[in-house]
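Structural characterization, general
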Amino acid sequence: MSTAGIDLGALARSLRESRSFAAKADIAEVVKSLGIDTGAIAVGDDCAAIPDGDGYLLFAIEGFINEFVASDPWFAGWCGVMVNVSDIAAMGGRPLATVNAVWSDGQDGALPILEGLRDASRAFDVPMVGGHSNLRTKNSQLALSILGRAKKLLTSFDAVPGDHLVAAIDLRGRYRDPYPNWDAATSAPTARLRGDLELLPEIAEAGLARAAKDISQGGIVGTATMLAECSGVGAIIDIDAIPMPPGVGMERWLQTFPSFGYLLAVGPDQLDAVLARFHTRDIAAAPIGIITQDLAVQIEFDGHRETVWDLSDRPLIGCAPVSATSHIEIPA
């Protein structure tokens, strides 16, 4: 990978001031306004984890920007299922079912969204079991919620100093312009999609990783910052070690939303086993940095470091560290 000519300070500033970081920073205001007690409930994870017998029910929701739904409605429908399934996998779980909410100006406006939902539901083998629709609105809108189950959790709260930060990304794709979506899913065989997602619960159940988070619209560094904040740690990321496709600029790649992309906190003794599981399925995976004790997320290149976000100065998403055992308790 070529990283020639990178101005590390300018890159750090660009990421910090980017729309992807700003969108994640908005979460802090929502958490504050809702009055959520982050010391009692594990807010900040990819899913709410609800104790259920010998495992956990996983509950998540995604909503989509109106402009995205209007400009690429079929792909928006597909992404509705895909990103929810990815959130379940990031927690070490398997999806059970989804429900949707669709608004559109008539049936013709809703049809491509519904077709995308249907196609992804079949591809990922996740049933669509209900929802809400309104076909008499001016703008198309879409939201989906998902239920899953995990035997053993991967959380955002258990990374510890000394862990390797591992990035695992399916590079067999292309950009879906003009949005920063790296699509390695819509043309992939369904058996491969399902098998790739199975890696995460297998890693969780084998005890090979402490923490994980799917790479979201915050990009690689933004997602690492959210993971670090929830775990009460920092991270140093070697940008030269990040798996990326040829011909893509570093700044763009660091803000990309891959269809299959995860960050995992992995202990030194488990690193080889984790990498081997991804490599066996032709998924690019590499240690891209280290989890640190200080509360700063830094990028590193050619012996130089720059801080992207100082969590000791201000949080990104407003979620204080909590124990992984403090997920929601359901009264008897």
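Our subject is the structure that appears above.
Residues numbered from 1 in each chain as written. Predicted model: local features only at pLDDT ≥ 70, side-chain atom pairs only at ≥ 80, totals over all residues. Heavy atoms only, no water.

1. As for the sheet that holds strand 4 (residues 128–134)
Where we set the bar: The criterion for strand pairing is that DSSP finds at least two bridges linking the strands in question. Under the DSSP-based scheme used, a helix requires at least four consecutive residues in state H or I and a strand at least two consecutive residues in state E, with every element numbered from the N terminus. Where helices are involved, their axes are fitted lines through C-alpha atoms of the stretch in contact, as for all axes, and angles between N-to-C directions lie from 0 to 180°.
Read from one edge of the open sheet, five strands run 1-2-5-3-4, paired in mixed fashion. Each end of this open sheet is capped by a strand with a single partner; those strands are strand 1 (48–52) and strand 4. Across this sheet, the average inter-strand angle for adjacent strands is 15°, counted without regard to direction. Sheet topology places strand 2 (residues 55–63) next to strand 5 (residues 136–150); eight bridges connect them, and they run antiparallel. Along strand 5, the bridge assignment pairs Tyr56 with Ala150.

2. Focus on a nonpolar patch on the surface
Basically, it comes down to this: Patch building starts from residues that exceed 30% relative accessible area and form no salt bridge, then joins like charges within 9 Å and nonpolar side chains (Val, Leu, Ile, Met, Phe, Trp, Tyr) within 5 Å. Method for areas: the Shrake-Rupley scheme with a 1.4 Å probe, in which residue coverage is limited to the protein chains shown. The working definition used for a salt bridge is a side-chain nitrogen of Lys or Arg within 4 Å of a carboxyl oxygen of Asp or Glu.
Together, Phe59, Leu96 and Leu147 give the surface a local cluster of nonpolar side chains, amounting to about 260 Å² of exposed area. Residue position: Phe59 is located in strand 2.

3. Some words on the pairing of strand 9 (residues 211–214)
Selection rule: Think of it in three bands: with a 1.4 Å probe and only protein chains considered, a residue is buried below 20% of the maximum accessible area for its type, exposed above 50%, and partly exposed in between.
Side chains Ala211 and Lys213 project from strand 9 onto one buried face, and the interleaved Ala212 and Asp214 project onto a second face that is buried too. Where strand 9 lies against strand 12 (residues 261–266), four bridges are found, and the strand directions are antiparallel. The partner of Ala212 across the bridge, within strand 12, is Leu264.

4. Quick notes on the packing of aromatic side chains
Quick note on the threshold: Each Phe, Tyr or Trp ring, with Trp reduced to its six-membered ring, pairs with another whose centre is within 6.5 Å; inter-plane angles below 30 degrees give stacked pairs, above 60 give edge-to-face pairs, and intermediate values give tilted ones. A positively charged side chain is recorded as over a ring if its NZ (Lys) or CZ (Arg) lies within 6 Å of the ring centre. The angle to the ring normal must also be within 35 degrees.
Evaluation of the coordinates by the stated rule reveals eight aromatic pairs. These aromatic residues form a ring-pair network of at least three members: Phe64, Phe68, Phe75 and Tyr179. Taking NZ or CZ as reference, Arg176 lies 4.4 Å from the ring centre of Phe75, over its face. Across from the ring centre of Tyr175, 3.6 Å away, lies the NZ or CZ of Arg252, which sits over that ring.

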